[in-house]
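# A closer look at the structure
Here is what each chain is made of, one letter per residue.
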Amino acid sequence: MTNSLIEIRDLSVSFPSEVGTVQAVRNISLDIRAGEVLGIVGESGSGKTVTSLAAIGLLPESATVSGSVMFNGVNLLELNDDQMSKYRGNQISMIFQDPLSALNPVHTIGRQIAEALLIHKEISTEAAHKRAIELLEIVGIPRPAERAQSYPHEFSGGMRQRVMIALAIANEPKVLLADEPTTALDVTVQAQILDVLKTARDMTGAAIVLVTHDLGVVAGIADRVAIMYAGKVVEVGPVEEVYAKPAMPYTIGLLRSIPRLDIASGSRLASISGAPVSPVNLPIGCAFAPRCPAASDVCTSATPELVALSPTRMTACTRQSEIFGLQDAGKLFQEGPAHVSVSSTSDAVALEVRGLQKTFPLLKGSLMRRRVGSVYAVDGVDLVLRQGHSLALVGESGCGKTTTLLEILNMVAPEAGTITVLGRNVEKLSKSERLEMRKDLQIVFQDPFASLDPRLPIGDAIAEPLENFGMSQQEQNKRIVELLELVGLNREQASKYPNEFSGGQRQRIAIARALALNPKIIALDEPVSALDVSVRAGVLNLLAELQEKLNLSYLFVSHDLAVVQHVADDIAVMYLGSIVESGSVREVFANPQHPYTQALLSAVPIPDPKVERSRKRILLQGELPSPANPPSGCRFHTRCHVRATLSPELAARCASERPLLSVSKHGAVACHAPLN
């Protein structure tokens, strides 16, 4: 096309490995057009990042690359590193997923941005540093002249990503490659970064290639979307058309498996069965066929290529004409049982926390270390988890969620406050009583691979808690089989090691281990955040099934409010160590009382272009204050979007008087001027 900045044709990338050749990208063709945002979406290992790295010449020497990447009549794949350096950072820039590893830790931020300008432009050092400060201001860094003298480790994750964007747009490139730029960020910071990306596009007129697994992000910012699976593009077209009427079963499965804020609590999620195929041993025919509910014999005979559905749409599916014509193609994928909000009238409480506090000393000095302050990690937290229910603890990173969880799991006398588990105050437990109670309180961690011993078969890993509590070998073997079947695995897999399983399967193993001793309460610390969206739905459905079958109580820690919508009955919103709002999920989501809760909900992307682009977004200003020096009064007042609309007297009260958590008609809220 005449307006294409970059034309990728028949691009293939492979890597040697001990088990064979890894076919990371297989014969793909894409156009990157001037001024557009192209979203490239797919599961981990689908070839998204490798495609973008190939375009900018950053693949390792071991990679075998074929095809062409044409830019202004030049095939970038034919250039050596010196020749490519004239384009890289100048005409084509990249925003990396991990800004900390992409920035030089021994140089100031201002120097690194100025260096990018000095390499590609005829400009004085003084002018480069002045321009670096201007760029920091453009991307929203407060006090840019002062912060230009700071080092990368002195910035938060969101601030470092802003610096990466400033670096990328320094030379006003024509193409910006953004590789998962919001993946490791809180939802509020994610909204800020996406807003900065839009500003960068408007300022430079650059095309943006957004590599991501988040279909909600793509719905809000992209013009076109390319769906990748097993190294191939399987569907491409305008975002509105692809989301409204997907033609490839894989696209349908991805869209159906996403938790959504705009769908009623307790609604069902569809999941894609199985795991992505290995890029070393690809099946004959369509790579998605082993997981596809619409697969037939014809799908396994030949690899489908992209064919046109319309002047703007293409898909690679042998049965695309049948699927594209279905009234409700989403029914191809089986929906799992939804989380059902428990209607029990019982007042039984599984876990109660009152006035919980936890501080960490702030020390100074090398030889004679002395305490110069305190970090207020948890400051007066109240929680109630009802038996058989789920309580979600949500908030930004650094707000104290995990510290609260660890204080509960320690089951020892807290610094201040009380922790009552199953009616017993943990402070009064003897050592033997505490050990016995640990059977009733188990945890599932965020990273299933790190929580399993790589040297142990999974059967042995599941058996460890059983052995610790004196169960016989015969009983252990029987229980292992029961647990594997309970989480959707089979007994033959007990002898396999963790590295032989997919991420979703490993999390199922971790859940089986947590269930080994028949606990009454399970703490779930971001249990699906490390999983692809396609397997996330399966794990969430499993948790719902287990809760209803075993009458479990869940303490669910998460920053993903869309996930919380589908798994939790009650919610507690944390900000800087304190609970600012609590109540039932249904009430809090429908009528948020605290401005912070309102901002969190507005920042969650919805995977529907029409809905997402018509929503009112609340962008919080600034970063989360330091818990070592929290603001006076309401701790949220320095970022509150409502405070500016209040009377001078009430605004002054927000800055001077700390609000207490008080009961409202929709739950409890700590705010001097609650909404609604």
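Attention here is on the structure that accompanies the text. All values reported here derive from a predicted model rather than from experimental measurement.

## So, the overall build of the chain
Broken down by element type, the chain carries 23 helices and 24 strands. Here the C-alpha atoms of the chain give a radius of gyration of 26 Å, agreeing with the 26 Å that 2.2 N^0.38 yields for 676 residues. If you line up the chain on its principal axes, its C-alpha atoms span 75 × 65 × 55 Å. Here the chain holds 676 residues, and the buried ones make up 53% of them. Approximately 29,100 Å² of the chain is accessible, and the part contributed by carbon and sulfur atoms is 50%. Within the chain, one finds 64 positive and 71 negative side-chain charges whose respective centroids are separated by 3 Å.

## Looking at the sheet that holds strand 12 (residues 314-315)
Read across the sheet, eight strands follow the order 6-7-8-3-9-10-12-11 without closing on themselves; strand pairing throughout is mixed. For this open sheet the edge positions go to strand 6 (92-95) and strand 11 (307-308), each flanked by a neighbour on one side alone. Note that strand 7 (residues 175-179) and strand 8 (residues 207-212) share five bridges and pair parallel. Directly across from Asp179, in strand 8, lies its bridge partner Val211. Packing of helix 1 (residues 48-55) onto the sheet brings it into contact with strand 3 (37-41), strand 6, strand 7, strand 8 and strand 9 (224-229), and relative to strand 8 it is tilted by some 145°.

## A short note on empty space enclosed by the protein
Using the criterion set out here, one finds seven cavities of 30 Å³ or more in the structure. Estimates place the volume of the largest cavity at around 110 Å³. Lining the largest cavity we find 13 residues, and of these Pro595, Cys634, Cys640, Cys654 and Cys671 sit closest to its centre. Residue composition of the lining of the largest cavity, by class: nine nonpolar, three polar and one charged. The space that makes up the second largest cavity amounts to roughly 90 Å³. With three residues, the top contributor of residues to the lining of the second largest cavity is strand 10 (residues 232-238). Here the lining of the second largest cavity is built from residues that sort into eight nonpolar, two polar and two charged.

## Considering the pattern of salt bridges
Using the criterion set out here, one finds 28 salt bridges in the structure. Members of the salt-bridge network, linked through shared partners, are Arg260, Asp262 and Asp608.

## Examining the nonpolar core
Ranked by internal contacts, the top residues of the largest apolar core, which has 70 residues, are Ile113, Ile165, Tyr229, Tyr250 and Phe288. Ranked by the residues each element gives to this core, the list is headed by helix 7 (residues 157-169), at eight residues. With residues up to four places along the chain from it excluded, the contact list for Ile165 reads Ile95, Val139, Ile193, Val196, Leu197 and Ala200. Among the nonpolar cores identified, the runner-up in size contains 69 residues, and Leu269, Val394, Ala510 and Ala599 belong to it.

## Topic: helix 17 (residues 503-515)
With 13 residues, helix 17 extends 19 Å between its outermost C-alpha atoms, agreeing within 8% with the 18 Å of an ideal straight helix rising 1.5 Å per residue. Within helix 17 the residues assigned to the buried category are Gly504, Arg506, Gln507, Ile509, Ala510, Ile511, Ala512, Ala514 and Leu515.

## Observations regarding unusual backbone geometry
Positive phi values are uncommon outside glycine, yet Asn72 reaches one of about 55°. For Asn72, the location among the structural elements is in the loop between strand 4 (64-71) and strand 5 (74-75). Take Asn72: its relative accessible area is 52%, and that puts it in the exposed class. A positive phi angle, close to 50°, is found at Glu172, a residue other than glycine. As for its position among the elements, Glu172 is in the loop between helix 7 and strand 7. Overall, Glu172 belongs to the partly exposed group, its relative accessible area being 48%.

## Comments concerning the environment of Ser14
Note that Ser14 resides in strand 1 (residues 4-17). For the pair Ser14 and Thr64, spaced 50 residues apart in sequence, the C-alpha to C-alpha distance is 5.2 Å. Among residues more than four places away in sequence, those in contact with Ser14 are Thr21, Val22, Gln23, Ala24, Ser62, Ala63 and Thr64.

## Quick word on the side chain of Asp31
In this fold, Asp31 is placed in strand 2 (residues 20-33). Given a relative accessible area of 14%, Asp31 falls into the buried group. A polar atom in the side chain of Asp31 sits 3.0 Å from the side chain of Arg9. Those residues in contact with Asp31, other than ones at most four positions away along the chain, are Ser4, Ile6, Glu7, Arg9, Glu36, Leu38 and Arg224.

## A closer look at helix 8 (residues 187-204)
For helix 8, with 18 residues, the first-to-last C-alpha span of 26 Å sits near the 26 Å given by 1.5 Å per residue. Taking burial as the measure, the 18 residues of helix 8 include 13 buried ones, the bulk of the element.

## Remarks on the sheet that holds strand 21 (residues 570-575)
As a general point, the strands of a sheet are linked pairwise by backbone hydrogen bonds and lie either parallel or antiparallel. Reading across the sheet, the eight strands line up as 18-19-20-15-21-22-24-23 and stay open at both edges, with mixed pairing between neighbours. Both edges of this open sheet fall to strand 18 (441-444) and strand 23 (662-664), since each of them pairs with a single strand only. If you compare each strand with its neighbour and ignore which way they point, the axes differ by 20° on average. The sheet contact formed by strand 23 and strand 24 (residues 667-669) spans three bridges and is antiparallel. Of the residues in strand 24, the one forming a bridge with Ser664 is Gly667.

## Quick notes on the environment of Ala590
Its place among the elements puts Ala590 in helix 20 (residues 585-590). When the C-alpha atoms of Ala590 and Thr212 are compared, they prove to be 29 Å apart, with 378 residues separating the residues in sequence.

## Things to note about the environment of Phe15
Along the chain, the position of Phe15 falls in strand 1. Residues Phe15 and Glu61, 46 residues apart in the sequence, show an inter-C-alpha distance of 9.5 Å.

## Considering the packing of helix 15 (residues 458-468) against helix 16 (residues 473-486)
Running from amino to carboxyl end, helix 15 crosses helix 16 at an angle of 120°, the nearest separation of the two axes being 10 Å. It follows that helix 15 is oblique to helix 16 by the angle criterion. In this structure, helix 15 crosses over helix 16, and the sense of that crossing is right-handed. In this structure, helix 15 uses Ile458, Gly459, Ile462, Ala463, Leu466 and Glu467 to contact helix 16, whose residues at the interface are Gln476, Arg479, Ile480, Leu483 and Leu484. Considering only residue class, the contact of helix 15 with helix 16 consists of seven nonpolar, two polar and two charged.

## Some thoughts on the packing of helix 4 (residues 109-120) against helix 7
Axis separation between helix 4 and helix 7 bottoms out at 8 Å; the angle between their running directions is 20°. When the axes of helix 4 and helix 7 are compared, the pair comes out roughly parallel. Regarding helix 4 and helix 7, the two cross each other, and that crossing is right-handed. On the side of helix 4, the interface is formed by Ile109, Gln112, Ile113 and Ala116, while helix 7 contributes Val163, Ala166 and Leu167.

## Structural notes on the packing of aromatic side chains
Counted according to the given criterion, the structure contains seven aromatic pairs. Relative to Tyr596, the ring of Tyr575 has its centre 4.7 Å away and its plane inclined at 65°; by these criteria the two rings are edge-to-face. Remark: Tyr596 occurs in helix 21 (residues 595-603) and Tyr575 occurs in strand 21; sequence separation between them is 21 residues. On the basis of relative accessibility, which here comes to 0%, the residue Tyr596 falls in the buried class.

The rules behind these values
- Residues numbered from 1 in each chain as written.
- Predicted model: local features only at pLDDT ≥ 70, side-chain atom pairs only at ≥ 80, totals over all residues.
- Heavy atoms only, no water.
- Helix = DSSP H or I, 4+ residues; strand = E, 2+ residues; numbered from the N terminus.
- Rg over C-alpha atoms; globule rule 2.2 N^0.38 Å.
- Buried < 20%, exposed > 50% of the residue type's maximum accessible area, 1.4 Å probe, protein only.
- Areas by Shrake-Rupley, 256 points an atom, 1.4 Å probe, with all protein chains shown as cover.
- Lys, Arg positive; Asp, Glu negative; His and termini not counted.
- Charge placed at Lys NZ, Arg CZ, Asp CG, Glu CD.
- Pairing = 2+ DSSP bridges.
- Contact = heavy atoms within 4.5 Å.
- Axes fitted to C-alpha atoms, helices over the stretch in contact; angles between N-to-C directions.
- 1 Å grid on protein atoms, 1.4 Å probe; cavity = no way out; pocket = protein on both sides within 12 Å on 5 of 7 lines; lining within 4 Å.
- Points joined across faces, edges and corners; volume = space filled by probe spheres on them.
- Nonpolar A, V, L, I, M, F, W, Y, C, P; charged D, E, K, R; others polar.
- Salt bridge = Lys/Arg side-chain N within 4 Å of Asp/Glu carboxyl O.
- Core = buried A, V, L, I, M, F, W, Y, C linked by side-chain atoms within 4.5 Å.
- Expected span 1.5 Å × (residues − 1).
- Polar contact = N/O pair within 3.5 Å; in protein donor to acceptor, adjacent residues only side chain to side chain.
- Parallel < 35°, antiparallel > 145°, perpendicular 65-115°, else oblique.
- Left-handed = near helix turned anticlockwise from the far one by under 90°.
- Phe/Tyr/Trp six-rings, centres within 6.5 Å; stacked < 30°, edge-to-face > 60°.

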